[in-house]
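# Topology and contacts: notes
One letter stands for each residue in the lines below.
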Amino acid sequence: MTTGLLLFAILFEAPLSVAAVAGAAVSVPILIHLLNRRRFKIVEWAAMRFLLAAQRKSSRKMRIEQLLLLIVRCLALLTLVLAMTSVTGWAEEWWRWFNPQGGKGIISTSTRTHKIIVLDGSFSMGLKTGEGTSFDRARKLAEDIVNQGVSGDGFSVVLMASSPRRIVPEPSEDARRVAREIRGVKLTHGNADLAGTLTTVAGLLRSSPGKFPAKEVYFVTDMQRSGWVAQRPGDLTNAINAFKQLGAKAIFVDAGVENANNLAITGLELADPVATTVSEVRIQATLFNYGDTRGDVSVKLSVGRAREAAGEESLALKEVATTLVTAQRGQQTPVAFAYRFAKPGDYVVQVTISRDSLEVDDVRTIVLRVRNTFPILLVNGKQAPELFDQATGWLRMALYPFEEGERVPANITARPRVVATAQLGSVPLENYDAICLCDVARLSEGEARRLEAHVRRGGGLVVVMGDRVDVGNYNSTLYRDGKGLLPVELVGPQRVKAPNGFQLTMPRDADRYDPLRTFQDAAARERLLQPLFTTMMQTRAPRAILGEMPRTVLGFGPFVPPGRPAPTRDKILSGPAVIEWRPPLPDKLVRDESERATSGRGRVLLVNTTLNSDWGNWPTSPTFPPLMQEMLYHAASARLRERALTVGEPMELHLPALTVGAEASIEAPREGIDTDNTPRRAPVQPFGDGSVLRFAETDLSGIYKVTVGSLPREYLFAVNVPASTEDQQASESNLTRTTQDELQRTY
């Protein structure tokens, strides 16, 4: 290959060498023609005079045909040489001198330019502006850039979305094809990843062919301030440096509208721990007004139930409540609803407000699983004659303090079942919303895999320490260097002698989040932190794994009785008491890390002490029962509370093994006037002891309805627009605009 390139460079380096090559190529058919004429020997014989007479009549015609054939052969070889010459730099200069108008008939003496068009695809571009939207206008402006280009320019197109997309990755000189691709680009309902987009553009600039000495980047955008200025400028340093080094010219094309107001629904959640049929369920929506104050804003609540069995109706939303509120400028407005569900099942709960110019954030949707009871599996790792000496005795009474036959109040939904460790392998875990392992000595790899599948399906897991816990076994089967269920690596029990001990501590603002929201009152918080402990399980420091960072819910600190000297600094022991996280659980089926779904998974809570009196007096505290209930509700919140994805997050549905090989049908939201009702299709793949459906095409907000094979049951997913930008500092719903001067100062 190297020798061939060297020979090509020598033969086509200059016009004279090309002329020599062309002359040599053309001479080949001429020589063959001349040699062909002399290779026959003439022998006269009797009938020759008759043939010569016939030949004289057609010789003129034959000579013309032979001459034309020779010319065609020469031109074919000459065309091949000229085609090879056309890629050289000096040949392009000659062509521009010979044909300055180019293929489009536009007179231009400019150098060839690689033009990269970046279309802003964030949901703020859905703002209505007359007959269309800002995104419609942006596509038209991008087409104009292509149509006004000169012959020889190359075009690339990038969509700036939550994950930047290369619509036309390589520089294309086919203007009609590029314009067609631009017309086919659709708006997403997500954020715009500015840092990722600039990195993508920088990559295109670095790989730009040398035949394009000039480079221009066109940002066709609504100039929204939250998307361009409310980012961390440090994240963009590398991409901006690439622009400077390559001499790329950045041009902003404004497709936005000045002074646009917007009212958005930024939150929708369940205000109760769990949705049941026994009482009204409180639902809380939150509005934020990014424009002028609006009075008499209509807020509507709609509810619909998914089909579970044959003969039931398919999902249909029904308006069940309406209220009027006043939305003050620049303020949040809470809106409360109460609704009683008629029967258990999966429900869609949707809140909408009066439509404004940006409609995609005027609606927010969640999916709720309504139930009558909350089944919990308690695995008892310490057998004892006395109930309260067992590992699960106190916990069982905290969750369900009733004997068989007693009347149970309607608001008590927990239904715990206690099993021995040996029974764990035979219990159908899919029947329980939460599982609590209490002082269980060891777990086999098979049991660990079953627990992982339970968490993937949205179930909760609480792991409680004790004297019987085999630290090495837990690290190898449950932690697995961050690839398992445990949020941290265990070190071992740490004990202190009485009267010293450990006391619970609360991290700052921890009571603003579940499971400690019920302890925001100062007196309740004080009672929560009173229990004393003699032993705690020490762990390694928490660290982020695949983007998931464990959170310390409660901590341990040293307790020193009054009048006793405080321990020296090197003897002070502290650490996390309760840690929670949503384990990433990487698997081989997911090739692209962006398609890894964690939002639908259950949580794992690690409790670094016992739930009986072996390591402290915690079970006797009046705060023990409500805390245990809240912890288990929180662990299983993926099933018990509202479920919703953000645009761009993949859907993940875990199913029984019998559905392996079936085809799932997904009814997705449609954009604007799109009338295509054809469902999407996706295969159900085997996974562990069950199966899984993954679907990553969630660019539009709304309700996604899934059915598997011929089964009648509907599985529902709610996908919402993001309430904040990637850095959580601003919102796409805020339509305040920036200027090019502000961009220059920022970057």
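See the structure shown above.
Residues numbered from 1 in each chain as written. Predicted model: local features only at pLDDT ≥ 70, side-chain atom pairs only at ≥ 80, totals over all residues. Heavy atoms only, no water.

Our focus in this paragraph is the packing of helix H5 (residues 134-147) against helix H6 (residues 175-184). At their nearest, the axes of H5 and H6 sit 9 Å apart, and the two run at 175° to each other. Between H5 and H6, the angle is such that the two are roughly antiparallel. Of the residues in H6, those touching H5 at Arg139, Ala142, Glu143 and Val146 are Ala175, Val178, Ala179, Ile182 and Arg183. Taken together, the residues of the contact of H5 with H6 break down into 6 nonpolar, no polar and 3 charged. (Axes fitted to C-alpha atoms, helices over the stretch in contact; angles between N-to-C directions. Helix = DSSP H or I, 4+ residues; strand = E, 2+ residues; numbered from the N terminus. Parallel < 35°, antiparallel > 145°, perpendicular 65-115°, else oblique. Contact = heavy atoms within 4.5 Å. Nonpolar A, V, L, I, M, F, W, Y, C, P; charged D, E, K, R; others polar.)

Using the criterion set out here, one finds 13 aromatic pairs in the structure. Aromatic pair tryptophan 228 and phenylalanine 252: ring centres 5.2 Å apart, planes at 75°, arrangement edge-to-face. Of this pair, tryptophan 228 sits in helix H8 (residues 225-228) while phenylalanine 252 sits in strand S7 (residues 249-254), and the two are 24 residues apart along the sequence. Taken together, a centroid distance of 5.1 Å and an interplanar angle of 20° make the contact between phenylalanine 374 and tyrosine 633 stacked. A residue pair is termed long-range when its members are at least 10 positions apart, and phenylalanine 374 in strand S15 (residues 374-380) and tyrosine 633 in helix H14 (residues 624-635) qualify at 259 residues. In this structure, phenylalanine 374 and tyrosine 633 share a single accessibility class: buried. (Phe/Tyr/Trp six-rings, centres within 6.5 Å; stacked < 30°, edge-to-face > 60°. Buried < 20%, exposed > 50% of the residue type's maximum accessible area, 1.4 Å probe, protein only.)

Residue aspartate 514 is joined to proline 515 through a cis peptide bond whose omega torsion reads 10°. With respect to the helices and strands, proline 515 occurs in the loop between strand S20 (501-505) and helix H13 (522-528). Of note, aspartate 509 is a non-glycine position whose phi angle comes to about 65°, a positive value. Tracing the sequence through the fold places aspartate 509 in the loop between S20 and H13. In this structure aspartate 509 comes out as partly exposed when scored by relative accessible area, which is 35%.

As a further point, take the packing of helix H7 (residues 194-206) against helix H9 (residues 237-245). Close contact between H7 and H9 brings their axes to 9 Å; oriented N to C, the two are set at 30°. The orientation of H7 with respect to H9, classified from their angle, is roughly parallel. Both H7 and H9 take part in a crossing whose hand is left-handed. When H7 is examined against H9, the residues Leu198, Thr199, Val201, Ala202, Leu205 and Arg206 are found in contact with a partner set consisting of Asn238, Ala239, Ala242 and Phe243. Tallied by class, the residues present in the contact of H7 with H9 amount to 7 nonpolar, 2 polar and 1 charged. (Left-handed = near helix turned anticlockwise from the far one by under 90°.)

The tally for this structure, following the rule as stated, stands at 38 salt bridges. The salt bridge partner of glutamate 143 is arginine 183, with a shortest N-O separation of 2.9 Å. You can see glutamate 143 sitting in helix H5 and its partner arginine 183 sitting in helix H6, a full 40 residues away along the chain. You can call glutamate 143 buried: its relative accessible area is 15%. Across the pair aspartate 439 and arginine 468 runs a salt bridge, and its minimum N-O distance is 3.3 Å. On the criterion of sequence distance, the pair formed by aspartate 439 in the loop between strand S17 (434-438) and helix H11 (445-456) and arginine 468 in the loop between strand S18 (460-464) and helix H12 (471-479) is long-range, its members being 29 residues apart. Residue classification places arginine 468 among the partly exposed positions, given a relative accessible area of 37%. Each of the salt bridges in this network shares a partner with another, and the network as a whole consists of Arg307, Glu667, Lys705 and Glu714. (Salt bridge = Lys/Arg side-chain N within 4 Å of Asp/Glu carboxyl O.)

Our next topic: the nonpolar core. By size, the foremost hydrophobic cluster in this structure holds 43 residues, and its most contacted members are Phe374, Leu395, Leu516, Leu554, Leu611, Trp618 and Leu627. The leading source of residues in this core is H14, at 7 residues. In contact with phenylalanine 374, not counting residues within four places along its chain, are Thr413, Ala414, Arg415, Asp433, Ala434, Leu632, Tyr633, Ala636 and Leu640. In this structure, Val419, Leu437, Ala448 and Val463 belong to the second largest nonpolar core, which totals 34 residues. (Core = buried A, V, L, I, M, F, W, Y, C linked by side-chain atoms within 4.5 Å.)

Strand order in the open sheet made by the 4 strands is S11-S10-S13-S14, with antiparallel pairing throughout. If you trace the sheet from one side to the other, it starts and ends with strand S11 (318-327) and strand S14 (363-370), each paired once. Pairwise comparison of adjacent strand axes, ignoring direction, gives a mean angle of 20° for this sheet. Relative to S14, strand S13 (residues 345-353) runs antiparallel, the two sharing 8 bridges. Of the residues in S14, the one forming a bridge with glutamine 350 is threonine 365. (Pairing = 2+ DSSP bridges.)

A few words on the environment of valine 419. Along the chain, valine 419 turns up in strand S16 (residues 414-420). Residue valine 419 is classed as buried on the basis of its relative accessible area, which comes to 3%. Separated by 38 residues in sequence, valine 419 and glycine 381 have C-alpha atoms that sit 9.0 Å apart. The residues contacting valine 419, other than those within four sequence positions of it, are Leu377, Leu378, Val379, Asn380 and Val427.

A few words now on the side chain of aspartate 361. Note on placement: aspartate 361 falls in the loop between S13 and S14. Lacking a salt bridge, the buried aspartate 361 has arginine 355 as its closest oppositely charged neighbour, with an N-O distance of 7.5 Å. Setting aside residues no more than four positions away along its own chain, aspartate 361 makes contact with Phe123, Asn262, Leu263, Ala264, Ile265, Val721 and Ser733. (Lys, Arg positive; Asp, Glu negative; His and termini not counted.)

On to the sheet that holds S16. The strand order across the open sheet formed by 9 strands is S16-S15-S17-S18-S25-S24-S23-S20-S21, and the pairing between neighbours is mixed. In the strand order of this sheet, the two ends are held by S16 and strand S21 (532-533), each with one partner. By the bridge criterion, 5 bridges tie strand S23 (residues 551-559) to strand S24 (residues 575-581) in an arrangement that is antiparallel. Looking at S24, one finds that threonine 552 is bridged to isoleucine 579. Its contacts with the sheet put H11 on S17, S18 and strand S25 (604-607), and the angle it makes with S17 is roughly 145°.

On to H9. Where H9 is concerned, the buried positions are Ala239, Ile240, Ala242 and Phe243. Taken end-on, H9 shows its buried residues confined to a sector of 155°, consistent with a single buried face. Turned more than 90 degrees away from the buried face of H9 sit Asn238, Lys244 and Gln245, all of them exposed. Contact partners of the buried residues in H9: H7 and strand S6 (214-221). Immediately beyond the C-terminal end of H9, within one or two residues, lies glycine 247, with a positive phi of roughly 65°. (Arc of directions from axis to C-beta.)

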